[in-house]
Amino acid sequence: MEELIIATKNKGKMKDFKGLFDPLGIEVSSLLDLSKPVDDIEETGTTFEENAAIKAEAICEKFGTPVIADDSGIEIDALNGAPGVYSARYAGEDKDDKANLGKVLTEMQDVSQAERTGRFVCVLAIAQPGQKTIFKRGECEGTIGFQAIGKNGFGYDPIFYPTGSAKTMAEMTPQEKNQISHRKKALDKIENWVMQL
Ligand SMILES: O=c1[nH]c(=O)c2ncn([C@@H]3O[C@H](COP(=O)(O)OP(=O)(O)OP(=O)(O)O)[C@@H](O)[C@H]3O)c2[nH]1
Ligand SMILES: [Mg+2]
């Protein structure tokens with residue numbers, strides 16, 4: 001397999017995936033790279049697995065090829081696991097990364113350092129014509145900062161300190177993020193499958 005469709009329209013995720021698949025010699029296309037425009041897929045699930053399946057299966061059916069979808073988000077313990085599956089739309093349907101992160105910082109302003117734990121979660125769904133969808137999960141534990149720091153990455157990266165790191169994920173280089181991220185951990189679990197394509 002030289003080219004694989006990732007059922008996403010998120011440019012930040014896609015940048016991560018390009019860096020992760022490059023060493024495997026696999027070229028990946030997002031839904032924004034395809035010649036035919038693809039309608040937005042409604043994410044009606046309440047779990048990462050359900051939403052990842054909805055995206056992967058819809059695109060697999062449309063194109064008749066194997067497809068990977070990523071459903072991901074940040075779970076914050078002091079917010080009882082929110083934003084979770086609603087991470088992209090936490091501050092509203094227009095999916096504004098800055099507004100989402102601002103909402104979290106406001107909700108967390110009185111939470112002490114010790115209570116600021118959380119994790120990034122990534123569930124990858126692999127859909128193949130005529131086969132059962134496969135799921136793999138990767139998690140990256142860390143703490144939530146008091147302010148946004150760093151220009152790299154996307155989403156909540158500027159407020160997330162992976163455990164053991166003095167830098168936020170947005171201060172890391174793309175290569176550094178891709179060594180430890182939730183996306184990398186999930187992808188490691190499907191590498192054998194991907195190489196067989
Ligand atoms: O700082 C971050 N670094 C990451 O590495 C990361 N991974 C996920 N997220 C957050 O979780 C949402 C996913 O929601 P999501 O899986 O529905 O994707 P999405 O709607 O953005 O795009 P699509 O793939 O569905 O087209 C994203 O928008 C982000 O807010 C991240 N934030
Ligand atoms: Mg989405």
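Quick notes on the rules
Residues numbered from 1 in each chain as written. Chains lettered and ligands numbered in written order. Predicted model: local features only at pLDDT ≥ 70, side-chain atom pairs only at ≥ 80, totals over all residues. Heavy atoms only, no water. Pairing = 2+ DSSP bridges. Helix = DSSP H or I, 4+ residues; strand = E, 2+ residues; numbered from the N terminus. Axes fitted to C-alpha atoms, helices over the stretch in contact; angles between N-to-C directions. Contact = heavy atoms within 4.5 Å. Near = heavy atom within 4 Å. Polar contact = N/O pair within 3.5 Å; in protein donor to acceptor, adjacent residues only side chain to side chain. Areas by Shrake-Rupley, 256 points an atom, 1.4 Å probe, with all protein chains shown as cover. Nonpolar A, V, L, I, M, F, W, Y, C, P; charged D, E, K, R; others polar. UniProt positions renumbered as here; feature names shortened; annotations may be inferred. Phe/Tyr/Trp six-rings, centres within 6.5 Å; stacked < 30°, edge-to-face > 60°. Buried < 20%, exposed > 50% of the residue type's maximum accessible area, 1.4 Å probe, protein only. Salt bridge = Lys/Arg side-chain N within 4 Å of Asp/Glu carboxyl O.

Explain the sheet that holds strand 5 (residues 134-144) to me, using residue names and the numbers behind them.
Pairing within the open sheet is mixed, and its six strands lie in the order 2-1-3-4-5-6. Sheet topology places strand 2 (27-29) and strand 6 (160-162) at the edges, where each strand pairs with a single neighbour. The mean angle between the axes of side-by-side strands here comes to 35 degrees, regardless of whether they run parallel or antiparallel. The pairing of strand 1 (residues 3-6) with strand 3 (residues 67-76) spans two bridges and is classified as parallel. By the bridge assignment, Ile5 is partnered in strand 3 with Val67. Lying on the sheet, helix 2 (residues 48-63) is in contact with strand 1, strand 3, strand 4 (117-127) and strand 5; it crosses strand 3 at an angle near 160 degrees.

Summarise the site of ligand 1; cite the residues concerned and give the values.
Neighbouring residues of ligand 1: 22 residues in total, closest Thr8, Lys13, Phe154, Tyr156 and Asp157. A distance of 2.8 Å separates an oxygen atom of ligand 1 from a polar side-chain atom of Asn10. Residue Asp71 places a side-chain N or O atom 3.1 Å away from an oxygen atom belonging to ligand 1. Protein contacts shield 96% of the accessible area of ligand 1, which totals 620 Å² for the unbound molecule. Counting residues per element, the ones that place at least two in the shell around ligand 1 are helix 1 (11-21), strand 3 and helix 5 (182-188). Ranked by residues supplied to the shell around ligand 1, first place goes to strand 3 with four residues. Here the residues of the shell around ligand 1 sort into four nonpolar, seven polar and 11 charged.

Just give me the short version of the UniProt feature "binding site: Mg(2+)" (unreviewed entry) in the protein, but keep the residues and values in it.
Under the UniProt annotation, "binding site: Mg(2+)" (unreviewed entry) lies at Glu42 and Asp71. The annotated residues occupy 30 residues of the chain but converge on a single region, no pair of C-alpha atoms lying more than 12.4 Å apart. Within the element layout of this structure, Glu42 appears in the loop between strand 2 and helix 2. Mapped onto the fold, Asp71 is located in strand 3. Excluding its chain neighbours within four sequence positions, the residues that come into contact with Asp71 are Lys13, Glu43, Thr47, Phe48, Asn51, Ala52, Lys55, Val85, Val121, Cys122 and Val123. A polar contact of 2.8 Å, which involves the side chain of Asp71, links it to the side chain of Lys55.

Go over the packing of aromatic side chains, please, and point to the residues and values.
Applying the stated criterion across every chain, the model contains two aromatic pairs. Each ring, one from Phe17 and one from Phe21, has its centre 6.1 Å from the other, and the planes form 40 degrees; the classification is tilted. Of the two residues, Phe17 and Phe21 are both situated in helix 1; the distance of four residues between them amounts to about one turn of the helix. Among the residues examined, Phe21 registers a relative accessible area of 0% and is labelled buried. A ring pair is formed by Phe120 and Phe160, whose centres lie 4.4 Å apart and whose planes are at 50 degrees; its orientation type is tilted. Of this pair, Phe120 sits in strand 4 while Phe160 sits in strand 6; the two residues are 40 residues apart in sequence, bridging distant segments of the chain.

A description of the pattern of salt bridges should follow, citing residues and the corresponding values.
Any two side chains of opposite charge can pair if their charged atoms end up close together. The final tally for this structure, using the stated rule, is 16 salt bridges. For Lys9, the salt bridge goes to Asp40, with nearest N and O atoms at 2.6 Å. With Lys9 in the loop between strand 1 and helix 1 and Asp40 in the loop between strand 2 and helix 2, this pair connects stretches of sequence that are 31 residues apart. Classification of Lys9 by relative accessible area gives partly exposed; the value is 32%. A salt bridge links Glu139 to Arg137, with the shortest nitrogen-to-oxygen separation between them at 3.1 Å. Connected through shared salt-bridge partners, Lys13, Asp16, Asp70, Asp157, Lys177 and Arg183 make up one network.

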